[in-house]
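# Summary of the model geometry
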Amino acid sequence: MPLPDLYQIDALFTEDELMVRDAVREFVAERIMPGIRQWNREGRFPSELIQPMARLGMLGAYLKGYGCAGVSYNAYGLMMQELEAGDSGFRSFVSVQNGLVMYPIFTFGTQEQKDRWLPKLATGEAVGCFGLTEPDFGSNPSGIITTARKVKGGYVLNGVKRWATNATIADVAIVWAKLDGKIHGFLVEKGTPGFSAPEITGKWSLRVSVSSEIHLDDCHIPEENILSEAKGLKAPLMCLNQARYSIAWGAIGAARACLEETLEYAKTRVQFDRPIAGFQLVQAKFAQMWTDVTNAQLLCYRLGQLMDQAIAKPAAISMAKRNNVAIALNTARVCRDILGASGICDDYNIIRHMNNLESVYTYEGTHDIQTLILGQELTGLAAYT
Ligand SMILES: Cc1cc2nc3c(=O)[nH]c(=O)nc-3n(C[C@H](O)[C@H](O)[C@H](O)COP(=O)(O)OP(=O)(O)OC[C@H]3O[C@@H](n4cnc5c(N)ncnc54)[C@H](O)[C@@H]3O)c2cc1C
């Protein structure tokens, strides 16, 4: 059963935005939910669903031209909310393809790069990935040690990236490397000698998502594969802001899914001769989670408006990512508690969402890094070091 819309939040969206949301909701119900338990057990991302997701306009959703849907940021947010109600792995796929691959090509790429890659990435015919994080540089990307060296006719890249979503299945990698000590973005195509992307195994979170290393061993790329407008750390940080926006929305979906499933459970689970939903302690938990989800939706709705007007400050995006993922993770944990022992079993979706949200809490800037971004915005003092 859907949660009651106490604040009439649906009334804030246009008919088109609600139609987009409902189409993704239906896709999740029909194409994701029947298979998700098995894929999660197998640790497999069903890449056969990439093109169906593309057909719903999810890839490059908010970009204009190149076969992209060009919808509003709020419509895109609603898509991400619904997708993550299914599983964070699918939302991660779309967030990376959009915010970390198509957005940088669209924003920093040459006309040739845009023409070559954006239409294929929009249809899902091509998959992209983003390599910024390294084994020794996660929260502090300014320290990355992957290098690019200018040679006749191109560049030679050397280094190791870690945790690049989709890299094993990607046709193109956006690799961030230092050229003469300054960060630049490069397009590295699948099959380039010296490029490999082994999958990271053993994950107990985001199992329905491909996470990889990227190895660059004297990897020679042509001159025209530099993202010429992406110079300095600001460029990858702009991409991360796009991804954080979609994460902020997606987390609401995961939280809502947990809450809806738990509400049904609690109304029928009887202990001490009454449904546990009737106990005050359980109701207190529900009241808080419902309030948290509602707050998160309102925060994102306003953020979407600011994004459409291109006036959202990075700190505003950090506030939404930080708040919404934290309330989602807390909601998943409290829901797990309300299900008792049943909550640890994948007969219910909650433990999967809970485990997924541990990654979401960490990636694209950890919870604490978002805290420091807000601290700096408010005080004018950077507290990273
Ligand atoms: C499933 C998954 C997918 C990912 N996908 C991608 C991707 O596609 N591309 C990509 O480039 N990266 C990706 N990442 C990497 C992700 O962005 C990093 O994991 C994240 O930035 C944190 O870096 P780290 O894991 O090295 O943690 P660390 O930076 O080592 O942080 C560890 C802890 O220290 C804390 N910490 C660090 N610095 C400070 C400080 N100054 N003050 C206070 N606390 C601090 C952190 O908050 C955290 O709690 C992915 C990660 C995961 C788990």
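Quantities reported herein were computed from a predicted structural model and do not represent experimental measurements.

### Looking at the overall build of the protein
Within the protein, the regular secondary structure consists of 10 helices and 10 strands. The C-alpha radius of gyration of the protein comes to 21 Å, within 12% of the 21 Å expected for a compact globule of 385 residues. In the protein, which comprises 385 residues, the share counted as buried stands at 47%. Residue pairs in contact within the protein that sit at least 24 positions apart in sequence constitute 76% of those at least 6 positions apart.

### Re helix 7 (residues 280-308)
Counted at 1.5 Å a residue, the expected span for helix 7 with its 29 residues is 42 Å, and the 42 Å between its end C-alpha atoms agrees. Turning to helix 7, its buried residues are Met289, Asp292, Val293, Ala296, Gln297, Cys300, Leu303, Gly304 and Met307. Buried positions along helix 7 lie against helix 3 (73-86), helix 6 (234-268) and helix 8 (314-338).

### Concerning unusual backbone geometry
Even without being a glycine, Trp163 presents a positive backbone phi close to 70 degrees. Mapped onto the elements, Trp163 comes out in strand 3 (residues 154-165). According to the C-beta neighbour criterion, Trp163 is partly exposed, with 19 such atoms within 10 Å.

### What about the packing of helix 6 against helix 9 (residues 350-362)?
Helix 9 packs onto helix 6 with a crossing angle of 160 degrees between their chain directions and a minimal axis gap of 10 Å. Taken as axis vectors, helix 6 and helix 9 run roughly antiparallel relative to one another. In this structure, helix 6 meets helix 9 at a crossing whose hand is left-handed. Between helix 6 and helix 9, the contacting residues are Ile247, Ala251, Ala254, Ala257, Cys258, Glu261 and Thr262 on the first element and Ile350, His353, Asn356, Leu357 and Val360 on the second. Of the residues in the contact of helix 6 with helix 9, the class split is 8 nonpolar, 3 polar and 1 charged.

### Quick look at helix 3
Helix length check: helix 3, at 14 residues, gives a terminal C-alpha distance of 20 Å against a target of 20 Å (1.5 Å per residue), a fit within 8%. Burial runs high along helix 3: 14 of the 14 residues are buried.

### Side note on the site of the ligand
Residues in close proximity to the ligand total 22 residues, the closest being Thr133, Gly138, Ser139, Thr366 and Asp368. Of all elements in the fold, only strand 1 (128-131), strand 3, helix 9 and helix 10 (367-379) reach the threshold of two or more residues within the shell around the ligand. When the residues that make up the shell around the ligand are grouped by side-chain class, the tally is 10 nonpolar, 10 polar and 2 charged. Residues from two domains meet in the shell around the ligand; each of domain 2 (128-230) and domain 3 (235-379) gives at least three.

What counts as what
- Per chain, residues are indexed from 1 in the order of the written sequence.
- Local features in this predicted model are restricted to residues of pLDDT 70 or higher, and side-chain atom pairs are both shown and tallied only at a pLDDT of 80 or more, whereas totals for entire chains, interfaces and linings draw on every residue.
- In this description a helix means any DSSP run of H or I spanning at least four residues, a strand means any run of E spanning at least two, and both kinds are numbered starting from the N terminus.
- Based on C-alpha atoms, the radius of gyration is set beside the globule rule, defined as 2.2 Å times the residue count to the power 0.38.
- Exposure classes come from backbone-placed C-beta atoms, where a residue is buried if 20 or more other C-beta atoms lie within 10 Å of its own, exposed if 12 or fewer do, and partly exposed in between.
- Once C-beta atoms are placed from the backbone, any two residues with those atoms within 7 Å are in contact.
- Take the residue count of a helix, subtract one, and multiply by 1.5 Å to get its expected span.
- Note on definitions: angles span 0 to 180 degrees between N-to-C directions of axes, and those axes are lines fitted to C-alpha atoms, for helices only across the stretch in contact.
- An angle below 35 degrees is read as roughly parallel, one above 145 as roughly antiparallel, one from 65 to 115 as roughly perpendicular, and any other as oblique.
- For a crossing to be left-handed, the near helix must be turned anticlockwise from the far one by less than a right angle; the clockwise case is right-handed.
- Classification used: nonpolar for Ala, Val, Leu, Ile, Met, Phe, Trp, Tyr, Cys and Pro, charged for Asp, Glu, Lys and Arg, polar for all others including Gly.
- For each residue, a C-beta atom is placed from the backbone, and the residue counts as near a molecule or strand when that atom lies within 6 Å of it.
- The domain limits used here are those given by an automatic or database domain assignment.

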